[in-house]
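Descriptive analysis of the structure
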Amino acid sequence: MGIRVRLALLAAALSTGGTALVANPGGSGGSAPSSSAPAYDPAAEYRKGLEALQAQRYPEAKKAFERVLAVAAGDSNTNLLAGLAAAGLGDLKGARKYYERALKADKELVGARRELGVTYVKLGDRAKADAQLAALKAMQEKCASACAKAAEIGGAVQALTEALASAPQANLQAPPSLLFASAAAGDRAYLDSVALINEGKYEAAIEGLNSARAAFGPHPDVLTYLGFASRKLGRFEAAEAYYRAALAAVPDHRGATEYYGELMAERGDIAGAERMLAKLERSCEFGCAGADELRRWIQAARSRAS
């Protein structure tokens, strides 16, 4: 099935300097959360927190990230940034907690390993700091000099090595690549990723979508396409997690609802797919293409089961 992306709206958003992400990919309408969603936009809170962190307004940043985490507790980037805000407030134990959560969600998040290692140094736990350095060196060996994260990993190894050498006066600094991930860069990464999905280049699309995620946080459009690309690669559990995260942020997100229903049908969960279809039909008062597409998936699943 093709991705129904409203490229005209995306281009218009870019030309006016706004965030180019379509509110709800898959034919949805409007970016505002539904009445059952939180009374704020988690993606907007993420951006607010990022801007406050850049300005070293740490209490404001921490509050914004906590609001995001109330909806997306497992979002790795948000946990990392919340840790940086806590560190800015001098709360190293709180920062450690956030970094550990970030790594639980994404073991490859270089910035979280770097900051967690430095935080362990400052807390006097050299053994755990050494373990983070060993993990970074293993990533460096696996990456060699060819992967996209080579420079970031190398910088993290150097920073943590220097922190261990200068303990307990280790310097704790935020990773610039995250703190200065601009909305414009996120827009470009998102648009490029959608194009890659349309070309069937799902691995490359996921890499780009993760870059967009660093700029926008748990934006439901980004999460929905991460789910779509993961599903096309046969990573059904990852796809489901992305769809559920998108729906946690915006429960009536039509794209996530449709694609989650398609995933259920693909896995033989016809009853679950029908629940998603019923949800779509309630939100599409006059019908929508997403509901029609999901009906076809359900019919095909029924045919396979008979």
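Here is a short report on the structure shown in this document. (Residues numbered from 1 in each chain as written. Predicted model: local features only at pLDDT ≥ 70, side-chain atom pairs only at ≥ 80, totals over all residues. Heavy atoms only, no water.)

Counting 40 residues, the largest nonpolar core has Tyr190, Ile197, Leu209, Tyr243, Tyr260 and Leu294 as the members making the most contacts within it. Of all the secondary structure elements, the ones that give two or more residues to this core are α10 (183-198), α11 (202-216), α12 (220-232), α13 (236-249), α14 (254-266), α15 (270-283) and α16 (289-305). If one sorts the elements of this core by residue count, α11 sits on top with seven residues. Not counting residues up to four positions away in its chain, the partners in contact with Leu209 are Tyr190, Ser193, Ile197, Val222, Tyr225 and Leu226. Of all hydrophobic cores here, the second largest spans 39 residues; its members include Leu81, Tyr98, Ala156 and Leu164. (Core = buried A, V, L, I, M, F, W, Y, C linked by side-chain atoms within 4.5 Å. Buried < 20%, exposed > 50% of the residue type's maximum accessible area, 1.4 Å probe, protein only. Helix = DSSP H or I, 4+ residues; strand = E, 2+ residues; numbered from the N terminus. Contact = heavy atoms within 4.5 Å.)

Below, the discussion takes up the packing of helix α3 (residues 58-71) against helix α4 (residues 76-88). Direction vectors running N to C along α3 and α4 enclose 150°, while the axes themselves pass 9 Å from each other. Taken as axis vectors, α3 and α4 run roughly antiparallel relative to one another. Classified by chirality, the crossing of α4 by α3 is left-handed. Note on element contacts: α4 touches α3 through Thr78, Asn79, Leu81, Ala82, Leu84, Ala85, Ala86 and Gly88, opposite Tyr58, Ala61, Lys62, Phe65, Val68 and Leu69. Taken together, the residues that form the contact of α3 with α4 break down as 10 nonpolar, three polar and one charged. (Axes fitted to C-alpha atoms, helices over the stretch in contact; angles between N-to-C directions. Parallel < 35°, antiparallel > 145°, perpendicular 65-115°, else oblique. Left-handed = near helix turned anticlockwise from the far one by under 90°. Nonpolar A, V, L, I, M, F, W, Y, C, P; charged D, E, K, R; others polar.)

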